[in-house]
Amino acid sequence: MSNTAQNLFQFDTSTLVFALPEIFLLSSIVVILLIDVFLKKSFKNITYYLSQIAIFITALLSYNLIGNGEQIIFSGSFIHDDLAAIFKVAMMVASIVVLVYSRTYLNIHNLFKGEYFVLVLLAILGMMVMVSGYSLLTLYLGLEILSLSLYTLIAIARSRANAVEAGLKYFVLGAIASGLLLYGMSMIYGINGSLNIAEIAQFASGASLESSQQLILNFGLVFIVIGVAFKLGAVPFHNWVPDVYQGSPTSVTMFLSSVPKIAAVAMLIRLLIEGLGSLQDYWSDLFIALAILSIGVGSLVALMQSNIKRMLAYSTISHIGFILLGFATGTMTGYGSAVFYVFTYVLMSIAAFGVIILLNKKGFESEFISDFKGLGRRSPWFALMMLIVMLSMAGIPPFIGFYSKFFILQQVVNSGFIELAIIAVIFAVISAYYYLQIIKSMYFDESDNTSPVSSPMDTQLVLSINAVLILAVGLFPNYWMNIALSVF
Amino acid sequence: MEQVLLSLLIWMPILGGFATLIVGNQRALSAKWVALSLSLIVFILSLGLYTGFDNTTHLMQFVEKSSWISQFNINYHLGVDGISMPLIILTTFSTILVIIAGWEVIQNRPAHYMAAFLMMEGLIIGVFSALDAILYYVFWEASLIPMLLIIGIWGGDNRIYASIKFFLYTFIGSVFMLISMIYMYNIGGSFGILDMHALSLTMTEQSWIFWAFFLAFAVKVPMFPVHTWLPDAHVQAPTGGSVILAAIMLKMGGYGFFRFSLPITPDASLNFSDIVIVISLIAIVYIGFVALVQRDMKKLIAYSSISHMGFVTLGLFAMFLAVKNSYEGALLGLEGAMVQMISHGFISAAMFLVVGVLYDRLHSREISTYGGVINSMPKFTGFAVLFAMANAGLPATSGFVGEFMVILGAMQANFWISTLAATTLILGAAYTLWMVKRVFWGPIHNDAVKSLNDINAREFFILGVLALAVIIMGVYPQPVIEVMHSSIEHLLNQALTSKLAI
């Protein structure tokens, strides 16, 4: 014990290499912030490109670290392993795509500011810390960096009442959730005397736990699950999701709905699987309740939405339900399936918002399902992309969304919860109805508007690749599944 | 060639569909030629299945197998036997007709229309040749997408309702099938359909799995009382959509019973055969009466489809009763069910094309719009009457063969079952011939009918080819029966071997 403690407090500069992506990103943020101050308004594009380059290099740095095994540095508060590296690469790629889609939108709606990109970079930094956090404190720190950046990003459209309301709502509810999470962490820290995940794991799996210790541990667990569920937006902690999705500028919604989910799942894995894995029986039950409620509420309430951002918010909630179901199975393949689901969900969600953003014009914010009317005629290619995304989200093969649901269901049935699988598929059929509504709008409804949708080349290209991936990964899901399984 | 023939048949039309999309609506004529030549090539290739087929074995032929999703032991496993091979040829055959039938008629986005049918062709061939349950499910569900779009984009006034109803009905039916497949995988460790055939299951398990599969297939066939999507879908779909729907998509349900229900859950099938027989008889008789009172020609044919498909499920499940008296009777019933599927493929396609010809001219499906069509369209009336006779089950047409075999098989089961089933021959004659009388004969009520042009060469060709098919199969069904004989016999033995672990 004393030996490891000593090692923990040694500082070896060579270990810094494992935090290189974070260090690089932080330095870039500072530099970009400084450069941006001196840029004239007409040169703001430079900030955009610099940010993209910074994210890209961070992705490369993370990618290079894959396969280095498990490295715990900074006195046991920061971990590098394949999970961290792969998740970081996924987050970077998703962020790059999100920024590509956002650019036109930000220009149209006068949101193209240096702060926007700096805040996005900061949020990414926060998420990287979350993914690599190996003590309760680092995890919380990462979460707060992310949350504070997001609150500001949401409210960045100051002139819009909706956006400010959404930002404030997210801030207040987010603060409560952070408080609950912190409360749970304090209980766990109080009972075992360490913030380190490995030591918590060791303590929690100890056979010599007294029942009073067990009780406090369980209490802490419940609060941590609540905190995680809030960040993921699982029912009944979902109330912020629709309002924030609707109120935020669409580019922020796109970011919010995709990349942070990866980070939240990573935090879930660190806290609940690596830290409190021995309490899996307890949190599985909680997860099953959260999952079924999320799938149910997400599917049913989405039926009544006419605002597509709200509809996608509820659709996200139901996807989150499936992800939680995967974790609830408690098997390695189940965890892998859940990670696979997160990746595919991010791929689909970004593409969906990408198409919504395409429909924006100067002075026109595309928000309603009816805005898609006649898209099949106006821009057959983009309509086809949206068709693929919607069918994939509904879980229709051969698109990727089917396999992610299928893998989860397979594990659920395997764990003996056939009735859960039946409930889940019934809601999946119900949710197909609202995805079909978009297809109906695009293809079956006639529209007076026949002007094709215009968009810059890079958006078109990336969006096409994005949608084609949804199909291509669907034809060969085994490669992605191998990656998802390799993180455990 | 033999090793990749099935893959070619699946992927050529799908990729060809994409090619047609790329050619685009601006170059509609080239797109149509691409589609037509592709469908012809695929048809010719599919004949290779027939010529290279070995009649003497029930084993899968033209097998392809490679690992697909290794984590769950899912394989890209294809193969055909005597049950699936005729259905594949039926599919490639019908697709050509549909593409020719839509040649001039479809003005709205013609390239997309052709592409949808090509992709559907590939997906449906995938359904019939998949030997891995997940591969099968992927094709099964994916084939809904083109049909959804075909009904929704090119359909009639109420197309949105019909297309979404069609989609959701089939979707809810099939998700339980997926769960059953997963369940069997968790017992046996394989998604291979042939492995599932050999899987030992308790009665409780079999019952659940039976009903899960039953729901999926009954919706597709469709059986009473889950048939209500079909009249809507048929009435709203464009002619080509109706043809594919009736000629092939309904067969996916019947095929499912052959491939999954009987061999995987033989004991449950035996146990619940009475229920299925009753449901089938209701479909045959009651839906026959419903067809009698229709005013819309397409609706009438849609109901007649349901009634005829009732014979398929009757033949399939009456065999459990028939086998007590005679093994040959049971075999006859099963083969009859299969022949009935093929024959119905031709006849229903022909009937919908006949209605399509009239609809293209007067844009009405109402029987009352017409009357005395024979005066202006004599050639067309000749074809129409022939197909109507076949639909009514006239001997020497294919309609007679299948129904007669099923009735004979059912006779071994129970006199009353076969008597009830035989009433359809009368009912079918009644509703079909009554429609013919009101549409083609009698006085002309409508001035527009007077100035109708008779069918052109294109229409003559498709109706002529179908007429030949109907007559040849009616006079000489032997080749079709020979091809399926070994497979059906094997299936019968599988269905009669109890799986209950002792």
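About the cut-offs
Residues numbered from 1 in each chain as written. Chains lettered and ligands numbered in written order. Predicted model: local features only at pLDDT ≥ 70, side-chain atom pairs only at ≥ 80, totals over all residues. Helix = DSSP H or I, 4+ residues; strand = E, 2+ residues; numbered from the N terminus. Rg over C-alpha atoms; globule rule 2.2 N^0.38 Å. Buried ≥ 20, exposed ≤ 12 C-beta atoms within 10 Å, placed from the backbone. Core = buried A, V, L, I, M, F, W, Y, C linked by C-beta atoms within 7 Å. Domains from an automatic or database assignment. Contact = placed C-beta atoms within 7 Å. Nonpolar A, V, L, I, M, F, W, Y, C, P; charged D, E, K, R; others polar. Expected span 1.5 Å × (residues − 1). Pairing = 2+ DSSP bridges. Axes fitted to C-alpha atoms, helices over the stretch in contact; angles between N-to-C directions. Left-handed = near helix turned anticlockwise from the far one by under 90°. Parallel < 35°, antiparallel > 145°, perpendicular 65-115°, else oblique. pLDDT = per-residue confidence, 0-100.

**Notes on the overall build of chain A**
The helix and strand inventory of chain A stands at 20 helices and 2 strands. What you see for chain A is a C-alpha radius of gyration of 22 Å, in line with the 23 Å of a compact globule of 488 residues. In terms of its C-alpha atoms, chain A occupies a principal-axis envelope of roughly 75 × 60 × 40 Å. For chain A, buried positions account for 58% of its 488 residues.

**Things to note about the overall build of chain B**
From N to C terminus, chain B includes 22 helices and 2 strands. Radius of gyration (C-alpha) of chain B: 22 Å, near the 23 Å computed for a compact globule of 502 residues. Taking the principal axes of the C-alpha coordinates as reference, chain B spans close to 75 × 55 × 40 Å. In chain B, which comprises 502 residues, the proportion classed as buried is 63%.

**Some remarks on the nonpolar core**
A:Leu121, A:Ala263, A:Ala351, A:Met386, A:Val389, B:Ile179 and B:Ala350 are the most contacted members of the largest nonpolar core, which totals 407 residues. Split by domain, this core shows at least three residues from each of two domains, domain 1 (1-271) and domain 2 (272-502) of chain B. What B:Ile179 contacts, discounting residues up to four positions off in sequence, is A:Leu409, A:Val413, A:Ile418, A:Ala421, A:Ile422, A:Val425 and B:Ala212.

**Here we look at the interface of chain B and chain A**
Counting residues at the interface gives 25 residues for chain B, matched by 24 residues for chain A. For the side of chain B that touches chain A, the elements supplying multiple residues, two or more each, are strand S1 (61-69), helix H5 (133-142), helix H6 (144-154) and helix H7 (159-188) of chain B. When residues in the side of chain B that touches chain A are grouped by element, the largest group, 12 residues, is from H7(B). A breakdown of the residues in the side of chain B that touches chain A according to their chemical character gives 19 nonpolar, 4 polar and 2 charged.

**What to know about the domain arrangement of chain B**
Residues and elements named next belong to chain B. Domain assignment breaks chain B into domain 1 (1-271) and domain 2 (272-502). Residue-level contacts link 51 residues of domain 1 with 53 residues of domain 2. Element by element, the count of residues in the side of domain 1 that touches domain 2 is highest for helix H11 (residues 239-264), at 13 residues.

**Describing the environment of A:Phe402**
All names here are of chain A. Position of Phe-402 among the secondary structure elements: in helix H17 (residues 400-414). What makes Phe-402 buried here is the crowd of 25 C-beta atoms within 10 Å. Put simply, Phe-402 and Gly-69 are 333 residues apart on the chain and 32 Å apart in space, counted from C-alpha to C-alpha. Phe-402 has contacts with Gly-395, Ile-396, Pro-397 and Gly-474, leaving out every residue within four places of it along the chain.

**A look at H17(A)**
Residues and elements named next belong to chain A. Compared with an ideal rise of 1.5 Å per residue, which puts 15 residues at 21 Å, H17 spans 21 Å between its outermost C-alpha atoms and is within 8% of the ideal. Taken across its 15 residues, H17 has 14 buried, putting it largely inside the fold. Gly-416 occupies a position one or two residues after H17 and carries a positive phi of about 90 degrees.

**Side note on the pairing of S1(B)**
Residues and elements named next belong to chain B. Bridging between S1 and strand S2 (residues 74-80) involves 6 bridges; their strand directions are antiparallel. Bridge pairing in S2 places Ile-69 opposite Ile-74. Two successive antiparallel strands, S1 and S2, enclose a turn made up of 4 residues, where Asn-73 displays a positive phi of approximately 55 degrees.

**A word on the environment of B:Met119**
All names here are of chain B. Topologically, Met-119 is positioned in helix H4 (residues 110-129). Met-119 sits 312 residues away from Tyr-431 along the chain, and the two C-alpha atoms are 35 Å apart. Every residue in contact with Met-119, bar those within four places of it in the chain, is listed here: Pro-13, Ile-14, Gly-17 and Pro-146.

**Structural notes on the environment of A:Leu303**
Residue and element names in this part refer to chain A. Take Leu-303: it is sitting in the loop between helix H12 (280-302) and helix H13 (308-328). Of the residues examined, Leu-303 has 13 C-beta atoms within 10 Å and is grouped as partly exposed. With near-sequence residues (within four places) excluded, Leu-303 lies in contact with Tyr-433 and Tyr-434.

**Things to note about helix H9 (residues 211-232) of chain A**
Three- or four-residue spacings in an α-helix give side chains the same orientation, since the helix completes a turn every 3.6 residues. Look at H9(A): 31 Å from first C-alpha to last across 22 residues, which is about the 32 Å you get at 1.5 Å a residue. The positive-phi residue at the C-terminal boundary of H9(A) is A:Gly233, with phi of around 80 degrees.

**Some remarks on the packing of helix H7 (residues 161-192) of chain A against helix H10 (residues 240-247) of chain A**
Residues and elements named next belong to chain A. Direction vectors running N to C along H7 and H10 enclose 145 degrees, while the axes themselves pass 8 Å from each other. Along this stretch, H7 crosses H10, giving a crossing that reads as left-handed. In this structure, H7 uses Asn-162, Ala-163, Glu-165, Ala-166, Lys-169, Tyr-170 and Leu-173 to contact H10, whose residues at the interface are Trp-240, Asp-243, Val-244, Gln-246 and Gly-247. Its residues assigned to classes, the contact of H7 with H10 shows 6 nonpolar, 3 polar and 3 charged.

**Quick word on unusual backbone geometry**
The linkage connecting A:Pro397 with the following residue, A:Pro398, adopts the cis geometry, with an omega of 5 degrees. Structurally, A:Pro398 is set in the loop between helix H16 (380-394) and H17. Residue B:Pro222 is reached from B:Val221 by a cis peptide bond, and omega for that bond is -15 degrees. Structurally, B:Pro222 can be placed in the loop between helix H9 (203-220) and helix H10 (229-236). We note that A:Phe74 has phi near 55 degrees; this positive angle belongs to a residue other than glycine. Take A:Phe74: it is sitting in the loop between strand S1 (71-73) and strand S2 (78-80). Backbone geometry places B:Asn73, a non-glycine residue, at a positive phi of 55 degrees. Tracing the backbone shows B:Asn73 in the loop between S1 and S2.

**A look at the packing of H13(A) against helix H14 (residues 332-358) of chain A**
All names here are of chain A. As a packed pair, H13 and H14 sit with axes 8 Å apart at the nearest point and diverge in direction by 170 degrees. Our classification of the angle between H13 and H14 gives roughly antiparallel. Contacts from Ile-308, Leu-312, Thr-316, His-319, Phe-322, Ile-323, Gly-326 and Phe-327 in H13 reach Gly-334, Tyr-335, Ser-337, Ala-338, Tyr-341, Val-342, Tyr-345, Ser-349, Ala-352 and Ile-356 in H14. Considering only residue class, the contact of H13 with H14 consists of 12 nonpolar, 6 polar and no charged.

**Some words on the confidence of the model for chain B**
Residue and element names in this part refer to chain B. Looking at chain B, pLDDT values average 89 and 99% of them are 70 or higher. Mean pLDDT in chain B bottoms out at helix H20 (residues 447-450), which sits at 79, and peaks at H5, which reaches 94. Predicted as a complex, the structure gets a pTM of 0.93 and an ipTM equal to 0.92.

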